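As a plain string of letters, each chain reads:
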Amino acid sequence: MPAGGPAVKRSPYTRGLIALAVVALSLYIALTVPVRLGLDLRGGTQIVLETRPADGADADGEATDRTVEVLRARIDALGVAEPTVARSGSDRIVVELPGVQDPRKAADVLGRTAQLTFHQVLGTATGAGPDADPPPGGTLVLPDESGRPLSLRAAALTGKDVDRADARFDQQGGAGWHVTVGFAGDGGTGWARLTGEAACSPPGDPARRVAIVLDDKIISSPQVDPSVACRTGITGGSTQITGTFDDSEARELALLINGGALPVPVETVEQRTVGPTLGAEAVTASAWAAAVGTALTALFIIAVYRLLGVLATVALACYGLVSYAALAALGATLTLPGLAGFVLAIGMAVDANVLVFERAREEYAARVRPSPRSSLTAGFRGAFSAVADSNITTLIAAGLLFLLASGPVRGFGVTLGTGVLASMFSALVVTRALADLALARPGTRRRPRLTGIAHTGAVRDHLTRAAPRLMRHPRRWLAVSAAALVLAASGIAVRGLDYGVEFTGGRLIEYATATPVDADRARAALADGGFPRAVVQTSGENRLTVRTHHLGDTEARALTRTVAALTGRADLLRDETIGPSLGKELRRGALVALAVALAAQLCYLAARFRWLLGSSAVAALAHDVVILVGVFAWLGKPIDGVFLAALLTVIGYSVNDSVVLFDRLRELARRDRGKPFDRVADRALLQTLPRTVNTGMGAAFIFTALAVLGGDTLTDFALALLIGLVVGTYSSMFTATPLAVVLHRGGRRQPGRRATGFTPPGPDSPPGNAG
């Protein structure tokens, strides 16, 4: 037996066992560990808090960690199911409250510092006012419940001395709603001493009062009962806080006392509320769009590649299972922009299979005595370089987005990276294991055309007969690209970019109305109601979105009443508030992440293909970015996190096309080093065009399904993907390639410079690989 024979025979079984083990483990995880849906998919409120130390210094991580623990205790007291409290950076805390549709109350409870103190009243203050000098001797002047200023001695007790607080209703005693407070440790002794000193003053004297202060506001200042003896005070280790409380105020006060005081003040910099209806609609629409799009893509692949198309469809299902299980195992949160990562990874999984199958067809046609199995093996070997390069560039972008970006863009990076790894596994392991098993059957050996490899395909046959010279005049293609760039840039200059609330700051409220409403009519009504700068958009039949500058809760309620009066009913679907500093930070972070990702891809492509092709590929990416942004500027569509996720998806598709094309160009240039570069570029373009067409058709089915079935929440996202698919496919063929031809011609005119930008193969170099 030849050396290495047993290893060759065992390798298909090894791949099969690995594929079976991974799929089985993924199925177990998928059935036992659910993926956490983001609030935009299940409804609820997200609040981002920023710690603000009183002395103006930067908050340290320890203070933020202590604040997280206090907030977690308060949220547990609120009774929210499955809340999430997580630190973000050194001074940010992200709170997610599923099912909470009243963010105002939640934000008020979370944002209160809850500094509880107990003071002895010295008397009524005179000459007190906001501009008055602070009283000497460590005393404090605060207005009581009626607004009368009281002079208070320094705090005798704090919230740390409190053991437990409960809201109760005393119907018989006439106290109504009140809060009982139990003291811990020396707190009971301190309370007896404080009330004993107050009891030494005569009844009616302000000094007989004890002030209970919460966040520098007197919430109750009752007099000590006449029955309490001087120097004895109230013993027993408990007391009551009385006042004009209703049930919600009493429960909120008890909650704050039990939760403890925040170590540092916090400020709400972002707040998002998504109604359960919108969340449920987004999940249903996304599921339908994914199912229909994937089914259409599967039918197309089966029609083109027959048996291998069936196997690729099974591998695609395994990709979905593995990627879902990976997200569940990592504890990742799936959001609406995160679905973009799934879409891109589905396209890459299809693309990897198409690359292999098209290369196998070429190998079958070029061999004297071909077999489907040997041709497919050669196809996997030949396509590996293109598959690896396209996936590595995408992984670089995903990793940098995770490290540098935040919010939805970071979530996109997580989902994209996970999906890319799963797509490579499904294409290179699962598909190959299934194909090895199927093509080893005697029936497939007798009927090779059933496999989908034994014919070259209609697109390739037509190109072989026509043999067009597409790169004869490369500057003409560049002129067309330049004209498209000018048109897109003029849209940005003339119409400007309509940044979403998350990039500018402000408030966005979306309503479901009882009747359809005209945007101009709604805009006029809101202007009459005191909101002249409101930006109004309608979507669907009964959807109205209002975007304004920063509004308080009172103003937001007035806006809702105006919309309800105009439309008959205004059900809140979404409410987002972004602080101006956070909006600038998100915009800056997204741009930096995008720029660094492009630069990293340029460096990788330059290392793999040298600067000539690497710079041409990145130029095509920039071309795609400008055109897509320009189209959205002309259409007046918002530039927000969902659009940015779509833009990154388009960049991923475009770089994949360029990598596959340049990988083939590199192989042909090494093989035929004496031929003109433009002729080599023509051959590379024509040889990879079947792959480009088939991959583009598969992606178009998914994107169209998202556009048609995805609902209002995915319409702009799907539109951006469809535009980007067309632009990205065009740019890889008719921007990147002619630019490389022009740069190559310019390089040849300068003596001493390498013309092609390729590394000539040495005597031990393996033959070039391409997709």
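Up top you'll find the structure we're talking about.
Now for a description of the structure that goes with this document. Numbering of residues begins from 1 in every chain and follows the order in which that chain's sequence is written. This being a predicted model, a pLDDT of at least 70 is required before a residue's local features are given, and a value of 80 or more before pairs of side-chain atoms are given or counted; all residues contribute to the totals for chains, interfaces and linings. Values reported for side chains reflect all heavy atoms of the structure, with hydrogen atoms and water molecules removed beforehand.

### A short note on the overall build of the protein
Point 1. Scanning the protein from N- to C-terminus turns up 20 helices and 21 strands.
Point 2. Partitioning the intrachain contacts of the protein with sequence separation of at least 6 by distance along the chain shows that 78% fall at a separation of at least 24.
Point 3. A 1.4 Å probe and the Shrake-Rupley method give the accessible areas. Residues count as covered only by the protein chains that appear here. Split by element, the accessible area of the protein, about 33,800 Å² in all, is 59% carbon and sulfur. Put simply, DSSP H or I for four residues or longer makes a helix, DSSP E for two residues or longer makes a strand, and each gets a number counted from the N terminus. Working rule for contacts: check all heavy atoms of both residues, and any pair within 4.5 Å makes them a contact.

### Some words on the nonpolar core
Point 1. Definition used in this section: a nonpolar core is a set of buried Ala, Val, Leu, Ile, Met, Phe, Trp, Tyr and Cys residues joined via side-chain atoms within 4.5 Å. Buried, partly exposed and exposed residues are distinguished by accessible area as a fraction of the type maximum, computed with a 1.4 Å probe on protein chains only: under 20%, between the cut-offs, and over 50%, respectively. Of all hydrophobic cores here, the largest spans 121 residues; its most connected members are L308, L376, L605, L628, F643, L647 and F662.
Point 2. Looking at this core element by element, the count peaks at 19 residues for helix 17 (residues 580–635).
Point 3. In terms of nonpolar packing, the next biggest core, distinct from the first, is built from 28 residues, V210, I212, I241 and L256 among them.

### Section: the packing of aromatic side chains
Point 1. In this analysis, rings of Phe, Tyr and Trp, with Trp reduced to its six-membered ring, are considered paired at centre separations within 6.5 Å, and the interplanar angle assigns stacked below 30 degrees, edge-to-face beyond 60, and tilted for intermediate values. Inspection of the entire model under this criterion finds nine aromatic pairs.
Point 2. Note on Y305 and F357: the rings are 5.2 Å apart at their centroids and 55° apart in plane angle, and the pair reads as tilted. Of this pair, Y305 sits in helix 7 (residues 276–330) while F357 sits in helix 8 (residues 338–366), placing them 52 residues apart in sequence.
Point 3. Overall, the relative accessible area of 1% leaves Y305 in the buried class.
Point 4. Summarising the aromatic geometry, the rings of W477 and F734 are spaced 4.2 Å apart at their centres and angled 20° between planes, so their arrangement reads as stacked. Note that W477 is positioned in helix 13 (residues 474–495) and F734 in helix 20 (residues 712–748), a separation of 257 residues in sequence.

### Regarding the side chain of S323
Point 1. Along the chain, S323 falls in helix 7.
Point 2. A polar contact is formed between the side chain of S323 and the backbone oxygen of Y319, at a distance of 2.9 Å.
Point 3. Sequence-distant contacts of S323, defined by excluding residues within four places in its chain, comprise F342, T418, G419 and A422. Within 3.5 Å is the distance limit for a polar contact, defined as a pair of N or O atoms, with the added protein rule that one can donate a hydrogen and the other accept it, and that residues adjacent in sequence qualify only through two side-chain atoms.

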